[in-house]
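Each chain, written out:
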Amino acid sequence: MARVNHPSPSASHFVCQLPSARTLVYLSWTIAGLGCALRITSTGPQTLHVAEGESADIGCQYQVEATDLGALDVEWSIMSPDTTKVDQVVLTYAHEEVFEYPSPVSGRLSFLEADPSLGNASVRLVSLRITDTNTFQCKVKKAPGIDSRKVTVGVHVRPQKPECWIDRSGEQGQDVRLHCVSHLGSPPLTYSWARISKPHEGLPRGSTADHSSGILLIRNSTSESYGTYQCTVRNLVGHEDCLIILSAGSDSRDVGPIVGAVLGTLLALLLLLFLLWLLCCRRHRKHNETAYDIREDALPPVSREPSIRSVRSYKAHQARKDRRLTFYRHLQDDSAPQDPAADPAVNAKPLPARPRPVYVV
């Protein structure tokens, strides 16, 4: 801005000082930033309702301008419900790198794009839990531009398949109540009834349906009220239904569970009979194998080749045995009785004494 110096009484002229070039550049940047700067262009819903176990995409697309000359910085955080506490930063992109911080969503939150600097900083949160219900904030900074966006994520449990049954207070012409109850699901649960066997006629006249309790009251029921009815339970993330047949004398629970229970019992009995049959066959087969079993004798011992030592020992033993047999034969010959007349050795000269045998051990 221009600055005018007031002259002194002795001065004879005025001095006017113009702003510098740097000041003009800063002023142009400020004016341009006020008119057109970085902004987030995502226009999706501000609240997302997602079923437990599924994934959620939280949008954060942005657009930068030529005047945004600073470094890009993207920051995702979980906002604290207490305004006096600091928000929890969970994911950032800065200096061309992605940084993940310890948090309840660690390992399950990531950028949709590999390069968030291309104008899309949206994230995906997978395997959602009930505790993930929070408000997430996306903040994009590129000086002098800055913008942010908040999205609330609500995680809910899908409704369980409802149970339907009929409560009849009397004979034909009396009131009939059709009940429909789902035992699991995040509130609010809303019930609706329809007669699918006669879709063009709708519900019987005079019937009232309670959308919160799931009871359909049919007053003064007649044969015109008979048919197949469908109950549907809904919440923010899903729906389930059940069928029930209203006929003369019907006073039972949902046909589906009854049929399922009967079929399950029959299958269990068939499986038990099959197991018993297999056990009997196995015992019979084992008995037959035992009756006709042929036992094999043990294999003969493997002979070993004779060694030099064993051969020598055998020969020495055989020699000693032969000498003993020879000695015993001589003793038997000497001790046997003989006829002197027939013995030619009677008149013979006496033989010299026989040397005593020496045994070699």
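Residues numbered from 1 in each chain as written. Predicted model: local features only at pLDDT ≥ 70, side-chain atom pairs only at ≥ 80, totals over all residues. Heavy atoms only, no water.

K.L.:
How should the state of the cysteines be read in this particular structure?
P.N.:
Here the structure, examined in full by the defined rule, presents three disulfides. In this model Cys60 forms its disulfide with Cys138; the gap between the sulfur atoms is 1.9 Å. Disulfide Cys60-Cys138: torsion about the S-S bond near -65°, hence left-handed. Of this pair, Cys60 sits in the loop between strand 5 (56-58) and strand 6 (62-63) while Cys138 sits in strand 12 (residues 134-142), and the two are 78 residues apart along the sequence. As far as burial versus exposure is concerned, Cys60 and Cys138 are alike and both buried. Sulfur-sulfur distance for the disulfide between Cys164 and Cys242 comes to 1.7 Å. (Disulfide = S-S within 2.5 Å. Helix = DSSP H or I, 4+ residues; strand = E, 2+ residues; numbered from the N terminus. Buried < 20%, exposed > 50% of the residue type's maximum accessible area, 1.4 Å probe, protein only.)

K.L.:
Looking at this structure, I do not really get the sheet that holds strand 12. What am I missing?
P.N.:
Paired through backbone hydrogen bonds, the strands of a sheet run either parallel or antiparallel to each other. Within the open sheet, the six strands sit side by side as 4-13-12-7-8-9. Their pairing is mixed. With one partner strand each, in any of the chains shown, strand 4 (47-51) and strand 9 (97-100) form the two edges of the open sheet. Along the sheet, successive strands turn relative to each other by an average axial angle of 20°, direction set aside. Note: strand 12 against strand 13 (residues 145-156), nine bridges, orientation antiparallel. Paired with Phe136 across the bridge in strand 13 is Val151. (Pairing = 2+ DSSP bridges. Axes fitted to C-alpha atoms, helices over the stretch in contact; angles between N-to-C directions.)

K.L.:
Honestly, the side chain of His156 in this entry has me stumped. Any pointers?
P.N.:
Here His156 shows up in strand 13. The class for His156 is buried, based on a relative accessible area of 14%. Within polar-contact distance, the side chain of His156 engages the side chain of His49 at 3.0 Å. (Polar contact = N/O pair within 3.5 Å; in protein donor to acceptor, adjacent residues only side chain to side chain.)

K.L.:
Can you help me understand a nonpolar patch on the surface in this one?
P.N.:
A surface patch of nonpolar side chains, about 520 Å² in accessible area, is lined by Leu267, Leu270, Leu272, Leu273 and Leu276. Summarising the element assignment, Leu267 is placed in helix 2 (residues 255-291). For Leu267, a relative accessible area of 59% gives the class exposed. (Patch = residues over 30% accessible without salt bridge, like charges linked within 9 Å, V, L, I, M, F, W, Y side chains within 5 Å. Areas by Shrake-Rupley, 256 points an atom, 1.4 Å probe, with all protein chains shown as cover. Salt bridge = Lys/Arg side-chain N within 4 Å of Asp/Glu carboxyl O.)

K.L.:
What am I meant to see in the nonpolar core here?
P.N.:
Nonpolar side chains tend toward joint burial in soluble globular proteins. Judged by nonpolar contacts, the single largest core of 28 residues is most densely connected at Ile58, Val74, Trp76, Phe111 and Val140. For this core, the secondary structure elements donating two or more residues are strand 4, strand 5, strand 7 (73-78), strand 8 (88-94), strand 10 (109-111), strand 11 (123-125), strand 12 and strand 13. With 17 residues, the next largest nonpolar core counts Cys180, Tyr191, Tyr226 and Cys231 among its residues. (Core = buried A, V, L, I, M, F, W, Y, C linked by side-chain atoms within 4.5 Å.)

K.L.:
How do you make sense of the pattern of salt bridges when you look at a structure like this?
P.N.:
Charged atoms that come close allow side chains of opposite charge to pair. The final tally for this structure, using the stated rule, is seven salt bridges. For Arg39, the salt bridge is made with Glu65, and the minimal N-O distance between the two is 3.3 Å. Remark: Glu65 occurs in the loop between strand 6 and strand 7 and Arg39 occurs in strand 3 (residues 39-40); sequence separation between them is 26 residues. A relative accessible area of 36% places Arg39 in the partly exposed class. Notably, a salt bridge pairs Arg124 with Asp57, separated by 2.6 Å at the nearest N-O pair. Residue Arg124 is found in strand 11, and its partner Asp57 is found in strand 5; the two are separated by 67 residues along the sequence. With a relative accessible area of 38%, Asp57 lands in the partly exposed category.

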